[in-house]
Amino acid sequence: FEVPHPPATPAPRDIVLVLDGSASMGLLDAQGRSAHQAATAWAEDFLAGLPPGDRVAVVLARERPLVLHRFEDGAAGPALARRPAPAGKADLPE
């Protein structure tokens, strides 16, 4: 009797990245870097580390959420470069 093993490669995933698009993301830290820049760098690193087959959608949280990239649109990286500058607020209704 042999115990079945899970497949060596995981099944592809659907991932949604939600990025804060509010004005506060444009504030600079002591090194002159904004949270907007830091979030973009993190997201680029995250995307670069995904295995083939994973699909990514990107949503910008603002007063009106903005879908920057849909699952079916191919690679999500270019959507990060097209992301508008931080503006407005991203507060959820109470």
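Above this text is the structure in question.
Our subject in this report is the structure included herewith. (Residues numbered from 1 in each chain as written. Predicted model: local features only at pLDDT ≥ 70, side-chain atom pairs only at ≥ 80, totals over all residues. Heavy atoms only, no water.)

1. Section: the pairing of strand β1 (residues 14-20)
Point 1. Only one face of β1 is buried, namely the one carrying I15, L17 and L19, since none of D14, V16, V18 and D20 on the opposite face is buried.
Point 2. In this structure, β1 lies alongside strand β2 (residues 55-61), joined through 7 bridges in parallel fashion. Directly across from I15, in β2, lies its bridge partner V56. (Buried < 20%, exposed > 50% of the residue type's maximum accessible area, 1.4 Å probe, protein only. Helix = DSSP H or I, 4+ residues; strand = E, 2+ residues; numbered from the N terminus. Pairing = 2+ DSSP bridges.)

2. A few points about helix α1 (residues 35-48)
Point 1. If you check α1, its first and last C-alpha atoms are 20 Å apart, about what 14 residues at 1.5 Å a residue would give, namely 20 Å.
Point 2. Of all the residues in α1, the buried ones are H36, A39, T40, A43 and L47. Down the axis of α1, the buried set is contained in an arc of 100°. They therefore lie on one face. Away from its buried face by more than 90 degrees, α1 exposes D45 and A48.
Point 3. In this fold, the buried residues of α1 make contact with β1, β2 and α2 (77-81). (Expected span 1.5 Å × (residues − 1). Arc of directions from axis to C-beta. Contact = heavy atoms within 4.5 Å.)

3. A look at the environment of P51
Point 1. Within the fold, P51 resides in the loop between α1 and β2.
Point 2. On the accessibility criterion, P51 (36% relative accessible area) is partly exposed.
Point 3. Each C-alpha atom of the pair P51 and T9 lies 9.1 Å from the other, and the pair is 42 residues apart in sequence.

4. Observations regarding the pairing of strand β3 (residues 66-69)
Point 1. The sheet contact formed by β2 and β3 spans 3 bridges and is antiparallel. Within β3, the position partnered with V59 by the bridge is V67.

5. Things to note about the side chain of D54
Point 1. Looking at where D54 falls in the secondary structure, it is placed in the loop between α1 and β2.
Point 2. Only 2.7 Å separates the side chain of D54 from the side chain of R13, close enough to count as a polar contact.
Point 3. Ignoring any residue separated from it by four or fewer positions in sequence, one finds D54 in contact with A11, P12, R13 and I15. (Polar contact = N/O pair within 3.5 Å; in protein donor to acceptor, adjacent residues only side chain to side chain.)

6. With respect to the pattern of salt bridges
Point 1. Tallied over the full model, the rule gives 2 salt bridges.
Point 2. Where R13 meets D54, a salt bridge forms, and the shortest distance between an N and an O atom there is 2.7 Å. Here D54 lies in the loop between α1 and β2 and R13 lies in the segment before β1, a separation of 41 residues in the sequence.
Point 3. In this structure D54 comes out as buried when scored by relative accessible area, which is 15%.
Point 4. For R55, the salt bridge goes to D14, with nearest N and O atoms at 2.9 Å. Taken as a pair, R55 in strand β2 and D14 in strand β1 lie far apart in primary sequence, 41 residues in all.
Point 5. Assessed through its relative accessible area of 36%, R55 is described here as partly exposed. (Salt bridge = Lys/Arg side-chain N within 4 Å of Asp/Glu carboxyl O.)

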